Amino acid sequence: RFAQPSGVDADRSGILYVADACNNRIAAGIPSDGARVFATWPNPAVKVTPLDAVPSPREVPYAWEVFVGQPNSSGAVDGKGSEARLTRPQGLALDERGALFVVDGGNALRRVSPDGDVATLSGTRDRMKAPIGVAVDGGGTCYVTDGANVLWRVSVSGEVSALAGSANRQGEADGTGGAA
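These numbers were taken from a predicted model, which means no experiment stands behind them.

Reading guide: rules and limits
In this numbering scheme, every chain counts its residues from 1 along its sequence in written order. Two thresholds apply to this predicted model, a pLDDT of at least 70 for residue-level local features and 80 or more for giving and counting side-chain atom pairs, whereas whole-chain, interface and lining totals are computed over all residues. Hydrogens and waters are ignored; side-chain quantities use all the structure's heavy atoms. Runs of H or I in DSSP of at least four residues are treated as helices and runs of E of at least two as strands, each being numbered from the N terminus. The buried label goes to any residue with under 20% of its type's maximum accessible area, the exposed label to any with over 50%, and the partly exposed label to all in between, with areas taken from a 1.4 Å probe on protein chains only. In this description, contact between two residues means that some pair of their heavy atoms is separated by no more than 4.5 Å. All accessible areas in this document rest on Shrake-Rupley with a 1.4 Å probe, and a residue is counted as covered only by the protein chains that are shown. A pair of strands counts as paired when DSSP detects no fewer than two bridges linking them. Here, a salt bridge means any Lys or Arg side-chain nitrogen found within 4 Å of an Asp or Glu carboxyl oxygen. Note on geometry: axes are C-alpha line fits, over the in-contact stretch for helices, and angles between N-to-C directions span 0 to 180 degrees. What goes into a patch is any residue over 30% in relative accessible area without a salt bridge, connected to like charges within 9 Å or, for nonpolar side chains (Val, Leu, Ile, Met, Phe, Trp, Tyr), within 5 Å. Whether two aromatic rings pair depends on their centres lying within 6.5 Å, for rings of Phe, Tyr and Trp, where Trp uses its six-membered ring; planes under 30 degrees apart make the pair stacked, over 60 edge-to-face, and the rest tilted.

**Observations regarding the overall build of the chain**
Within the chain, the secondary structure is distributed over zero helices and 13 strands. When the helices and strands of the chain are placed in sequence order, the string is β-β-β-β-β-β-β-β-β-β-β-β-β. Counting every position in the chain, which comprises 180 residues, the buried fraction comes to 44%. Excluding contacts between residues fewer than 6 apart, the proportion of contacts in the chain whose partners are at least 24 apart in sequence is 40%. Split by element, the accessible area of the chain, about 9300 Å² in all, is 50% carbon and sulfur.

Next comes the structure, spelled out in structure tokens:
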């Protein structure tokens, strides 16, 4: 069961990823009719039905599994699957290679590989205050909004910079950089 689902994205094969904030996890919804799985899933124990046999999405329920994190156990531990610890994950975004970027209430941007390895992006821990939303462009650059009214840019090389807004200053001014 979810406890404050706060972000969602879907991959090309139809798997839904949900940031389940109060359960400190990312849940994966896998299209399945109970006997067959209709998506590519990194768990080799799951028998996958060819994608050309997939019925209409309206006809297929989802089987839900913990992808990363552990309910009732928050933290900032990198690792694989349920060994990793998240703190109130909020927004999430998939890149073109299947990596999932998650903004973590522990004040960091985390990258989850397609097979469930969680890694904190260097330079993001405690720089962002209560990150909320994330987007990733085609080149792999991430954009993160936080509760301190700042829009951050995190480059592929790990450079973190404020793109717009000023920490702890709200308003509605148009402008460039910190003046916005």
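The rest of the description comes next.
**Focus: the pairing of strand β3 (residues 25-31)**
Burial analysis of β3 places seven of its seven residues in the buried class, which makes it a mostly covered element. Both faces of β3 are covered, namely the face carrying R25, A27, G29 and P31 and the face carrying I26, A28 and I30. Across five bridges, strand β2 (residues 16-20) lies against β3 in antiparallel orientation. Directly across from Y17, in β3, lies its bridge partner A28. Linking two consecutive strands that pair antiparallel, namely β2 and β3, is a turn of four residues; a positive phi of about 55 degrees is found at N24 within it. Pairing of β3 with strand β4 (residues 62-69) involves seven bridges; the strand directions are antiparallel. By the bridge assignment, I26 is partnered in β4 with V68.

**Details of the pattern of salt bridges**
Per the counting criterion, the structure on display carries five salt bridges. A salt bridge links R110 to D78, with the shortest nitrogen-to-oxygen separation between them at 3.0 Å. Taken as a pair, R110 in strand β8 (residues 108-112) and D78 in the loop between β4 and β5 (79-80) lie far apart in primary sequence, 32 residues in all. Overall, the relative accessible area of 0% leaves R110 in the buried class.

**Section: the sheet that holds strand β1 (residues 5-10)**
With antiparallel pairing, the four strands of this open sheet are ordered in space as β1-β2-β3-β4. Two strands lie at the open edges of the sheet, namely β1 and β4, each paired on one side alone. If you compare each strand with its neighbour and ignore which way they point, the axes differ by 25 degrees on average.

**Quick notes on a nonpolar patch on the surface**
A contiguous nonpolar patch, built from F2, Y62 and W64 and spanning about 290 Å² of accessible area, is present on the exposed surface. In this fold, Y62 is placed in strand β4.

**What about the packing of aromatic side chains?**
Inspection of the entire model under this criterion finds three aromatic pairs. The interplanar angle of 85 degrees and the centroid separation of 5.3 Å between the aromatic rings of F2 and W64 together place this pair among those described as edge-to-face. One end of the pair, F2, is in the segment before β1; the other, W64, is in strand β4, and 62 residues separate them in sequence. For F2, a relative accessible area of 40% corresponds to the partly exposed category. By relative accessible area, which is 40% here, W64 ends up partly exposed. An aromatic cluster is built from F2, Y62 and W64, whose rings are joined through pairwise contacts.

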